[in-house]
Structures are given as structure tokens and as C-alpha cells.
Amino acid sequence: MTVRKLTLSAAATTTVLLLCGAALTGAAASPAAASTTATTSTTAPSTTAPTAPTDPSASSADPSTSATLAPPTSGTAAATVAAPAQGSAPATATTAPVLALSSFDPNSGTAVLAPATAGPQSLSAQATAADAASAVQPGQLIDSPPTPAAPHGALVAVTGVQSTADGKVAVTTRPATLPELLGGTSTNLRSAVSPSSFEVHPQIGGVKVVTDFGATSGQGSVSGSLGLSADATVPLPDGSSAKLSGSVSLHPAIDFSYQGGLGLIDPQQARVGFTLGAHADWRVSANLTASTGPVRIPLATYSASPVVMVGPLPVVINLAFTLSADVSADGTVTLDAEQAYDGQWGVHSDYVKGPGWTTTTDPGNSTVSPLRLDLRGSASAKAGLLAEGSIALYDTVGVKASIEPYLRAAVNGSVVLDGTSTTPTVNGTAALYGGLDINGALMARLAILGTPILEADLPFLAFHREWPLVSVGAGQSPVPLVNWTALSAGLFDDNRSAYLKTRPDWDPRALKASCPDGTRLIGLSHGGDNGLCTDVTKPDLWDAGHAYVVDHGGTYVTTDWAPGYAKAQCPAGSVLTGYSRNGRTMGALCAKSAAPLGTSTRTLWFDKGDNRPTAAAGGDFSYGFAKGQCANDEVAAGLAYTQPWWQLWAARPYALLCQKLA
């Protein structure tokens with residue numbers, strides 16, 4: 001299994017990622033830090049696709065075809081009309097006149113082909129309507145690069161043909177698959193995408209697009225780049241504003257491979273993915289309060305539809321991503337930070353016949369160089385530059401992912417770094433925490449590869465890691481930062497545990513929610529399907545082996561702490577980290593505790609109204625409903641539930657079993 005690391009220089013340990021530039025995705029990593037600089041590393045998990053089964057007959061019928069990235073075209077690109085693949089041979093282009101999709105309705109499958117305005121033949125060489133209609137036959141494939149009528153390209157099989165006037169052909173179609181197009185062909189391509197292929201749309205005023213159209217090689221490197229510069233003031237929800245300035249330079253590349261099988265059902269192997277390289281010099285200035293955040297400020301959207309030529313056959317790949325600033329605070333603080341960022345990250349999905357799909361994220365290498373920092377107040381603040389990207393084949397199969405390296409800073413007083421020294425000047429106390437979040441899923445629409453169609457996205461191995469960087473000050477160390485996470489499972493699952501996303505469904509057919517790894521459930525609502533997670537008082541309470549159990553019927557109940565109610569309870573030495581509901585029953589997700597627990601317990605009722613500690617933190621996690629919340633020095637060890645008279649077939653929690661920490 002390949003292991004990649006996110007490396008942060010020690011200079012970065014004073015401001016790493018506080019500036020939004022850190023959450024970006026990346027280009028080639030910067031040179032190693034100087035020998036006087038220590039490093040802090042975090043390793044993101046990586047999943048390697050299983051090896052395809054060996055089939056001698058398949059290998060003998062597995063011709064390799066070179067793949068190249070087609071240059072951007074002007075006008076309307078011509079479609080390829082082809083006879084479908086036969087056995088291991090790919091589809092064969094016909095001698096049909098040069099036609100392009102002038103209209104296309106993917107829902108009904110109807111389309112109109114018209115003489116192309118760009119292609120190897122001029123309009124004067126186009127055939128008559130009768131010639132075109134006779135050349136396009138039912139059973140053939142239409143493989144179209146992006147056109148105004150089909151912005152993401154189209155791959156369809158013709159089911160009916162009717163000629164119209166002016167050399168046009170009306171057809172009815174059904175969706176086709178890559179095995180029908182490529183047959184037993186094997187090909188692969190990893191290449192940078194030319195900046196000229198992208199459409200960039202600024203999302204706020206004060207953002208300018210700056211593009212360097214350098215030469216692109218076929219090895220995924222590019223001398224040109226997509227850039228933007230910003231000098232914008234953005235309003236925040238509390239009435240204040242944030243000043244965003246600086247520049248970002250991006251280097252996108254795509255990764256595509258395909259290995260066909262003997263039949264036309266599904267391939268032996270396939271891959272689709274992308275990487276992003278980045279350099280950012282970024283500055284954020286803001287007055288943040290407890291009501292600030294999390295606030296996501298979209299800066300720009302990027303989209304491109306590069307065409308991979310597999311021999312004479314085009315395969316359309318659609319790449320899109322959004323760049324956003326992300327800021328939040330849980331107190332009052334004045335922030336002015338500037339830093340430089342260099343790095344790279346990537347994500348790809350691999351299909352192997354038999355085992356199916358796996359998705360891998362490579363967090364790459366990131367180097368953050370602090371330029372300046374001025375942080376004053378009493379709060380913890382978080383900032384990052386979030387990159388969210390997706391890649392698809394003809395907009396029907398692919399992967400989506402987001403990455404956000406960030407810094408959380410706790411300050412009571414002031415911390416200043418003026419750029420002339422790597423050591424900050426502190427008046428009071430301050431602590432800095434680095435972090436990395438990766439999330440995403442394999443898109444569910446898999447028919448283009450002939451693989452089974454899924455009804456929901458497949459989440460891949462999410463990654464969350466936060467680590468202390470530095471704690472400095474003239475007085476006592478600041479209170480450790482506390483995570484509070486609200487859960488909601490009223491309509492959909494709300495699984496926040498990165499580890500459990502890699503495991504089988506822990507309560508099939510039930511609506512469920514789980515806390516982020518390292519936190520525990522501390523509150524529930526009576527009328528809604530909401531919960532509250534925290535790591536207050538005792539962080540990282542889940543044992544290193546990630547042992548967990550699910551209880552529905554009160555298997556571990558030793559005393560009747562809620563008479564007359566059904567109960568789901570954790571075994572001794574475990575804490576509640578999630579909950580589920582399936583009609584009139586509820587379940588308790590219990591994680592084995594990494595630390596000893598106390599023996600004192602109490603029943604906390606909340607069916608008649610809120611029952612929470614005085615000045616309870618975590619906010620109103622279920623507005624309009626009664627809520628129960630254990631004390632900060634307690635864990636929730638069980639829940640009591642029944643069906644309320646006013647809600648048919650829906651169990652609701654009435655009480656929590658709160659247990660003291662040791």
C-alpha cells in the first residue's frame with residue numbers, strides 16, 4: 001500500500017494553514033525545509049485497487065492502443081459514427097459524412113446530427129441529407145466530443161434513423177458503454193490539461209483570472225497554469241467582513257486507463273482520476289465572533305471537458321472543481337494572516353472485474369511557509385482554502401473529493417509573527433493545531449462502464465487528522481480546543497466517522513448517525529433525529545483498535561434505569577458514539593473506551609423539555625425540540641426510547657444514561 005505524507009515545516013508550526021492557502025490542492029512539492037527546521041507529518045490512508053484475475057485468453061486478445069489528449073477545437077466538433085466493438089476489436093469508424101450533434105435530449109434519447117462546422121472536411125464536402133441518413137444506421141454508435149448541444153459529450157447507440165432537410169439526420173438512441181466502444185482495447189493516459197481548456201467563473205467581486213498558456217507535455221507536467229488573483233471584501237453573517245487577497249496558481253492533470261475484456265458487458269480494469277498542483281500566496285484579515293462560521297466563501301469555479309483519443313475514438317472526460325475560503329471562530333478574535341503554500345493532491349477510482357470499485361485519495365506533499373501573523377482576542381479560530389473537485393466520463397461515472405488542510409488557533413491575548421523571525425511574539429497564551437480533512441465519494445451512475453448501476457454514492461476512505469503544533473505563552477497554556485458536532489439523521493444517514501465509512505453498514509436499513517472519530521455522543525433530541533458530539537474534557541476516547549458494538553435490545557442492561565421504556569445500552573467500558581432508528585426500534589453505537597470510566601451513573605430525562613447543563617456548550621443542536629445533554633465530565637452510555645402517541649411507527653429517545661468519566 002502506497003503511503004503519502006503531508007509534511008509541514010516547523011516554520012509552519014507557528015501559522016500552518018491558518019491562511020486559507022493551505023486547503024488548496026497541489027502542484028509539485030516545494031524543496032525540503034532547511035536542516036534547522038523540524039517537520040510534523042501526518043499520513044493519510046491509501047487504498048490500492050486489487051489485482052484483476054488472470055485470464056490467458058483475455059491477455060491474448062488485449063491489444064494496447066496509445067492514448068493522447070486532443071487539442072482544444074474551435075467550432076462544433078464532429079461526432080464519430082462507428083460500428084460497435086466486436087470481441088476484442090474496438091469500434092470501427094464508418095465513412096459517414098462529417099456530422100455533429102446539433103441537438104440532444106439525454107432523457108428521451110432523441111438527437112439530431114447536422115453537418116459539422118469543424119473537422120477534417122469542409123462544409124462543401126458534406127453529403128446530402130439522403131447520403132447522411134443512409135450512412136447512419138440502427139445499431140451504430142455515436143461518440144461525440146463536447147458540443148453546445150451536449151456540453152459533456154455523448155456516447156449512445158442508434159435505435160432509429162429519420163432524414164430531415166438541410167443534410168440533418170434525426171435519430172433515437174439508447175445509452176452505450178465504453179466496452180461497446182473500446183472492446184478489448186487496453187490504454188492509459190496521465191496528462192496535464194491545458195489551461196486554455198478551462199472555463200473559469202469568479203464567484204465574488206475582486207477576483208481576476210490570470211492564465212499562463214505554457215506548453216503541456218504528455219507526462220502530466222505543465223509549464224502553464226490556471227491562476228487567479230483576489231482583492232475582495234466579503235460580508236460575514238454577523239455583519240462584519242473578511243478581507244481576502246493574494247494569488248493562487250493551479251496545475252490540473254487527468255488520469256485515465258482502460259483494459260477491456262472478452263465480452264461487451266464490463267471491462268477487466270478501468271481508472272479515472274485527477275490531480276491538482278497548486279501554489280498560493282494568501283492573506284486573510286477579519287474580525288471573527290462566535291457567530292462566525294463555519295462560513296464557506298466560493299472564490300471561483302473551474303470546468304473543462306478534455307477529450308482523450310484512444311486511437312481514432314474520442315473518450316470525453318469532464319473535470320470540475322471549486323475553490324472556496326473557509327473561516328470560523330468560537331469567540332471574539334482579530335485575525336490577519338499571510339502565508340505561502342505549495343503542494344499536490346489527487347484522487348482516482350479503480351474498477352476491477354470481480355472485486356468492483358475502490359477509490360483512493362493521495363494527499364500528496366504540502367509545504368506551508370508562514371509570512372506573517374497577527375492574532376488578537378480570546379477565541380479559537382479556524383481557516384482554510386477548500387478545494388472540491390470531481391471527474392466524470394461523459395458525466396456518468398467518476399469521483400468527487402474535497403481536501404482542506406487547515407489551522408485552528410487558540411489565543412487569549414495576542415500572537416504576532418512579522419516575517420523577520422520564525423518565533424512569534426506572544427502576549428498571553430496561544431496554541432496552534434494543524435489539521436487535514438479529506439472527504440468524497442464514487443459517483444453512483446456507473447452504466448457507462450457496463451458495471452452494475454448503484455443507487456447511492458459510495459463514500460471512500462475519509463481522512464481526518466488534527467495534531468498540536470505549538471503552545472506558547474507567558475501564562476498558563478490555553479484550554480485545549482473542543483470539538484462540538486451536531487448530527488441530523490431525519491432523512492438521510494449522517495455518518496461522520498471516517499473509520500466507519502470504510503466498514504460495512506453498522507445498522508442496515510436504519511437511519512443512523514455517528515460522531516467524528518475521537519468524539520463521543522453527549523446529547524440527543526426528543527422530537528427530532530438530532531444528536532450532539534464532543535471531545536470536551538476527554539478527547540480521543542475511542543481505543544486504538546476501533547472496537548465497537550451495536551445494541552438494539554438492551555443486551556448490556558444490568559439495572560432498569562428507565563422503567564417502562566425500551567433501552568439500548570453500551571457494554572461496560574464503552575461509550576455511546578452514534579444512534580440509529582428503524583421504525584419503532586432504536587440502536588446504540590458503542591465504541592470501546594481508550595480510558596477507564598467511572599462507575600457513577602444517572603438517568604437524564606428530556607421528554608418534557610430541555611435538560612442540559614447550565615451554560616451548555618454546543619449550541620441549539622435541535623431547534624424547536626426538547627434536548628438532553630450529559631455534563632462535560634460525563635459520557636452517554638445508553639438511551640431509553642419508545643413510540644410517542646403522536647407519531648406512528650417512529651421511536652423517539654426519552655432519556656440518556658449519563659456516566660461519569662474516571
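Residues numbered from 1 in each chain as written. Predicted model: local features only at pLDDT ≥ 70, side-chain atom pairs only at ≥ 80, totals over all residues. Heavy atoms only, no water.

**A look at the overall build of the chain**
What counts here: Secondary structure counts use DSSP, requiring at least four H or I residues in a row for a helix and at least two E residues in a row for a strand, with both numbered from the N terminus. Accessible area is worked out with a 1.4 Å probe on protein chains only. A residue is then buried under 20% of its type maximum, exposed over 50%, and partly exposed in between. Between two residues, a contact is recorded if the distance between any of their heavy atoms is within 4.5 Å. Residue burial considers only the protein chains on display, and all accessible areas are found by Shrake-Rupley using a 1.4 Å probe.
Looking only at helices and strands, the chain features 3 helices and 39 strands. Here the chain holds 662 residues, and the buried ones make up 52% of them. In the chain, of all internal contacts separated by at least 6 residues, the share reaching a separation of at least 24 is 72%. Accessible area of the chain: about 26,900 Å², with a carbon and sulfur share of 53%.

**Some points on the packing of aromatic side chains**
Working definition: an aromatic ring pair is given by the centre-to-centre distance plus the angle between the planes. Threshold: Under the pairing criterion, centres of Phe, Tyr and Trp rings, with the six-membered ring standing for Trp, must be within 6.5 Å; the plane angle then separates stacked pairs below 30 degrees from edge-to-face pairs above 60, leaving the rest tilted.
This structure, assessed with the given rule, holds 5 aromatic pairs. Summarising the aromatic geometry, the rings of Phe198 and Phe321 are spaced 6.0 Å apart at their centres and angled 65° between planes, so their arrangement reads as edge-to-face. Residue Phe198 is found in the loop between β11 (186-192) and β12 (199-202), and its partner Phe321 is found in strand β19 (residues 313-329); the two are separated by 123 residues along the sequence. Considered together, Phe198 and Phe321 belong to a single accessibility category, that of buried residues.

**Observations regarding the pattern of salt bridges**
Here is the rule: The working definition used for a salt bridge is a side-chain nitrogen of Lys or Arg within 4 Å of a carboxyl oxygen of Asp or Glu.
Applying the stated criterion across every chain, the model contains 17 salt bridges. Note that Glu180 is salt-bridged to Arg174, the shortest N-O span being 2.8 Å. Judged by its relative accessible area of 11%, Glu180 is buried. Here Asp336 makes a salt bridge to Arg283, at a shortest N to O gap of 2.9 Å. Remark: Arg283 occurs in strand β16 (residues 269-288) and Asp336 occurs in strand β20 (residues 332-352); sequence separation between them is 53 residues. Of the residues examined, Asp336 reaches a relative accessible area of 15% and is grouped as buried. Through salt bridges with shared partners, a single ionic network connects Arg190, Asp255 and Arg271.

**Focus on the environment of Pro424**
Among the structural elements, Pro424 can be located in the loop between β23 (397-417) and β24 (425-442). A residue is classified by how much of its surface remains accessible, and Pro424, at 18% relative accessible area, is buried. For the pair Pro424 and Leu373, spaced 51 residues apart in the sequence, the C-alpha separation amounts to 8.3 Å.

**Let's talk about the state of the cysteines**
Just so we agree on the cut-off: We call a pair of cysteine sulfur atoms a disulfide when they lie within 2.5 Å.
In the structure shown here, the tally under the stated rule is 3 disulfides. Across the disulfide from Cys570 sits Cys590; the S-S distance is 2.1 Å. Here the S-S torsion is close to -85°, and the disulfide linking Cys570 with Cys590 is therefore left-handed. Of this pair, Cys570 sits in the loop between β33 (566-569) and β34 (574-582) while Cys590 sits in strand β35 (residues 585-592); the two residues are 20 residues apart in sequence, bridging distant segments of the chain. Linked covalently through their sulfurs, Cys630 and Cys658 form a disulfide whose S-S length is 2.0 Å. On the S-S bond that ties Cys630 to Cys658, the torsion sits near -80°, and the link is left-handed. In this pair, Cys630 sits in the loop between β37 (627-629) and β38 (634-642) while Cys658 sits in strand β39 (residues 652-661), placing the two residues 28 residues apart along the sequence. Residue class for Cys658 comes out buried when judged on its relative accessible area of 0%. Once the bonded cysteines of the chain are numbered in order along the sequence, the disulfide links fall as 1-2, 3-4, 5-6.

**Regarding the nonpolar core**
Note the following rule: We define a nonpolar core as any set of buried Ala, Val, Leu, Ile, Met, Phe, Trp, Tyr and Cys residues linked to one another through side-chain atoms lying within 4.5 Å.
Leu178, Leu181 and Tyr302 are the most contacted members of the largest nonpolar core, which totals 82 residues. Per-element accounting of this core gives the leading share, 10 residues, to β19. Sequence-distant contacts of Leu181, defined by excluding residues within four places in its chain, comprise Ala85, Pro90, Ala91, Leu141, Asp143, Leu155, Leu313, Pro314, Val315 and Tyr394. Formed by 27 residues, the second largest nonpolar core is a distinct cluster that contains Ala489, Cys515, Phe621 and Leu656.

**Section: the environment of Arg612**
Let me state the cut-off plainly: We call two N or O atoms a polar contact when they sit within 3.5 Å, provided that within protein one can donate a hydrogen and the other can accept it, with sequence-adjacent residues counted only if both atoms are side-chain atoms.
Secondary-structure assignment places Arg612 in the loop between β36 (597-605) and β37. Apart from the residues lying within four places of it in its own chain, the contact partners of Arg612 are Leu532, Ala617, Gly618, Gly619, Asp620, Phe621, Lys627 and Gln629. A distance of 2.9 Å separates a polar atom in the side chain of Arg612 from the backbone oxygen of Gly619. Among the polar contacts listed, one links the side chain of Arg612 to the side chain of Gln629, at a separation of 2.7 Å.

**Digging into the pairing of strand β8 (residues 141-144)**
Quick note on the threshold: What makes two strands pair is DSSP finding at least two bridges between them.
Residue alternation in β8 divides its side chains into two sets, Leu141 and Asp143 and Ile142 and Ser144, and both sets are buried. Note that strand β4 (residues 80-83) and β8 share 3 bridges and pair antiparallel. Its bridge partner lying in β8, Thr80 is registered against Asp143. When β8 meets strand β9 (residues 154-163), the two strands line up antiparallel, connected through 4 bridges. Paired with Asp143 across the two strands is Leu155, which belongs to β9.

**With respect to unusual backbone geometry**
A positive phi angle, near 70°, is found at Arg509, a position not held by glycine. Inspection of the secondary structure puts Arg509 in the loop between β28 (494-495) and β29 (511-514). The backbone of Asp540 shows a phi angle near 50°, a positive value even though the residue is not glycine. Structurally, the position occupied by Asp540 is in the loop between β31 (530-534) and β32 (548-551).

**Focus: the environment of Thr425**
Along the polypeptide, Thr425 turns up in strand β24. Residues Thr425 and Asp374 lie 51 residues apart in sequence; the distance between their C-alpha atoms is 9.5 Å.

**Thoughts on the sheet that holds β29**
Taken in spatial order, the 5 strands line up as β28-β29-β34-β35-β32 in an open sheet, and their pairing is mixed. Where the open sheet ends on each side, the last strands, each with one partner, are β28 and β32.

**Points about the pairing of strand β18 (residues 307-310)**
Bridge count for strand β3 (residues 67-69) against β18 is 3 bridges, and the pairing is antiparallel. Residue pairing in the sheet places Ala67 in a bridge with Val310 of β18. With 4 bridges joining them, β18 and β19 adopt antiparallel strand pairing. When the sheet's bridge partners are listed, Val307 is paired in β19 with Val316. In textbook terms, the turn of a hairpin is the stretch between consecutive antiparallel strands, and for β18 and β19 this stretch comprises 2 residues, one of which, Gly311, has a positive phi near 60°.

**Examining the confidence of the model for the chain**
Convention followed: pLDDT is defined as a per-residue confidence score from the predictor, taking values between 0 and 100.
Across the chain, the average pLDDT comes to 76, with 74% of residues at 70 or higher. Segment residues 214-223 is flagged for pLDDT under 50; beyond a separation of four residues in sequence, or across chains, it makes 23 contacts in the model.

**Regarding the sheet that holds β37**
Convention followed: To define axes, lines are fitted to C-alpha atoms, for helices over the stretch in contact only, and angles between the resulting N-to-C directions are given on a 0 to 180 degree scale.
Spatial strand order, β27-β31-β30-β37: 4 strands in an open sheet with antiparallel pairing. Single-partner strands in this sheet number two, and they are β27 (484-488) and β37. Mean inter-strand twist for the sheet, computed between neighbouring axes without regard to direction, equals 25°.

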